[in-house]
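Structural features, examined
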Amino acid sequence: MAAAAEEHGLEFEVEWSPFILDPSLPMPPTTIDKVEYLSGRLGGKATLDGMMPVLIKMFEDEGLPALKYEGQTGHPIDGHRLLDYARTLPDPHRTQTALKDALLTQYFHHGRSMTDHDALLSAAEVAGLDLARAKAVLASDAHKDEVLDRHAQAKASGISAVPVYRINGEIIPGGSQAEFLKAFGKLAAQ
């Protein structure tokens, strides 16, 4: 987005929407081994082992902390509920983005599950959320219906994988930089 902003003089507001890739994952607090789960989804551990060097290099090339794919995983609904809560706060675009970055750091770089409330609260703290309120969200079913409704809307609109970006109502799958620049150039020309 920074390249498009510079090239086309555009400003952006980002809102993170929930999408649950695998609704069959066990609901919090249950977790499963991430390597076993990913191996099963990808057709075997050999496939996962073949992909990991490429993914690790992608992380390195982007200057990101090391990818950790070991650990636990489970249903991400609680992370999505926190993101939906962040959407209701002052400066929701900045707050949601800070929380999303912190959640991804917990998952990809620390190997922590999005079912782990301690991991979610660590992310909330990094993002500057009020921890008492974040704990209250996680201790309840707050934002659950909203998350499930927004996920259902995404599925109904034809979304079946992530990342997907919606720019002024237009869905852009994948989101390579070239696709972004093309979409932003189209917007700038309007």
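For the structure, check the block above.
Attention in this report is confined to the structure presented alongside it.

Reading the values: rules and limits
Residues numbered from 1 in each chain as written. Predicted model: local features only at pLDDT ≥ 70, side-chain atom pairs only at ≥ 80, totals over all residues. Heavy atoms only, no water. Helix = DSSP H or I, 4+ residues; strand = E, 2+ residues; numbered from the N terminus. Expected span 1.5 Å × (residues − 1). Buried < 20%, exposed > 50% of the residue type's maximum accessible area, 1.4 Å probe, protein only. Contact = heavy atoms within 4.5 Å. Salt bridge = Lys/Arg side-chain N within 4 Å of Asp/Glu carboxyl O. Pairing = 2+ DSSP bridges. Polar contact = N/O pair within 3.5 Å; in protein donor to acceptor, adjacent residues only side chain to side chain.

Between the first and last C-alpha of helix H5 (residues 92-110) there are 25 Å, a value that for 19 residues agrees with the 27 Å anticipated at 1.5 Å per step. Inspection of H5 places Thr95, Gln96, Leu99, Lys100, Ala102, Leu103, Gln106, Tyr107 and His109 among the buried residues, and these make up the whole buried set. Against the buried residues of H5 lie helix H2 (34-42), helix H3 (45-61), strand S2 (72-73), helix H4 (77-86) and helix H6 (117-126). Positive backbone phi, approximately 70°, marks Gly111, located one or two places after H5.

Applying the stated criterion across every chain, the model contains 9 salt bridges. Salt-bridge contacts for Arg94 lead to Asp91; the nearest nitrogen and oxygen are separated by 3.3 Å. For Arg94, a relative accessible area of 46% corresponds to the partly exposed category. Between Asp116 and Arg112 there is a salt bridge whose closest N-O contact spans 3.4 Å. The class for Arg112 is partly exposed, based on a relative accessible area of 25%.

Moving on, we come to the pairing of strand S4 (residues 170-173). Relative to S4, strand S3 (residues 164-167) runs antiparallel, the two sharing 4 bridges. Considered in S4, the bridge of Tyr165 is made with Ile172. Counting the residues that bridge the hairpin from S3 to S4 gives 2 residues, and of these Asn168 lies at a positive phi of roughly 50°.

Time to look at the side chain of Ser39. Within the fold, Ser39 resides in helix H2. In this structure the side chain of Ser39 is engaged in a polar contact, spanning 2.7 Å, whose partner is the backbone oxygen of Val35. If we skip the residues at most four places from it in the chain, Ser39 touches Gly44, Lys45 and Leu48.

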